[in-house]
Amino acid sequence: MTMAAVVVWVVEGTWRSCVDAARTHAPSDAEFVLLHVSDVSGAAHGAFAGLLGRARPDRDPGTRLAGLAAASAGELLDAAAGRLDRPCRRETRTGRREREVVAALEDAALLVLARDGDRDRLGPKSLGPATRFVVDHAPCPVLLVWPAPAPDLATIPPPPHH
């Protein structure tokens, strides 16, 4: 029987903490998937089509951005695979980040991702909108890590006044 995968969401700026958490908390014989999602080129295609029309598709910046995003994702996944230092599969997707991550979790045993919001205090604002969506909709257990040491417990917001 094949073990379901441990998916590590690889994002610039936080990927190291996610890879380290996967190495620490997932079984060493797990199937690891390093996942990167790019949503830049779709916005550029849409802006170009909406503002400038479709008469000159050879000037569409989305095509160039898609190539740059793919190269950047490849470099990031290579660095993450090197840090993981275990056999892994690399997956790149393009589209709305939050929806693509959730879609990639269909057969996952665990998702490892990092907080990406306010890193100065504990609380719900420590998650950005895409990460909040993924945490709320993941069909598997989620390991949510701080990309740096967690803030002090004194940073918890006070309870609301009655």
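Refer to the preceding data block for the structure.
As the structure is a prediction and not an experimental result, all values here were calculated from the model. (Residues numbered from 1 in each chain as written. Predicted model: local features only at pLDDT ≥ 70, side-chain atom pairs only at ≥ 80, totals over all residues. Heavy atoms only, no water.)

## Focus: the overall build of the protein
Our working rule: Going along the chain from the N terminus, every DSSP run of H or I of four or more residues is numbered as a helix, and every run of E of two or more is numbered as a strand. Three exposure classes are used, based on accessible area relative to the maximum for each residue type with a 1.4 Å probe and protein chains only: buried under 20%, partly exposed in between, and exposed over 50%. Whether two residues are in contact is decided by their heavy atoms: any pair within 4.5 Å suffices. Throughout, the Shrake-Rupley method with a 1.4 Å probe supplies accessible areas, and for residues the shown protein chains are the sole cover considered.
Along the protein, the regular secondary structure elements total 5 helices and 5 strands. Along its sequence from the N terminus, the protein presents helices and strands in the succession β-α-β-α-α-β-α-β-α-β. When burial is assessed residue by residue, the protein has 37% of its 162 residues classed as buried. For the protein, long-range pairs separated by at least 24 residues make up 75% of all intrachain contacts whose partners lie at least 6 apart in sequence. Put simply, the protein shows about 9700 Å² of open surface, and 55% of that area lies on carbon and sulfur atoms.

## A short note on helix H5 (residues 129-137)
Note the cut-off: This arc is taken over the directions from the axis of the helix to the C-beta atoms.
Within H5, burial applies to Ala130, Thr131, Phe133 and Val134. Axial view of H5: buried residues confined to an arc of 160°, hence all on one face. The elements touched by buried residues of H5 are strand S1 (5-9), helix H4 (97-104), strand S4 (108-114) and strand S5 (142-145).

## Concerning the side chain of Thr14
Checked against the element boundaries, Thr14 lands in the loop between S1 and helix H1 (15-25). In this structure Thr14 touches Ala114, Arg115, Arg119 and Pro147, once residues within four positions along its chain are discounted.

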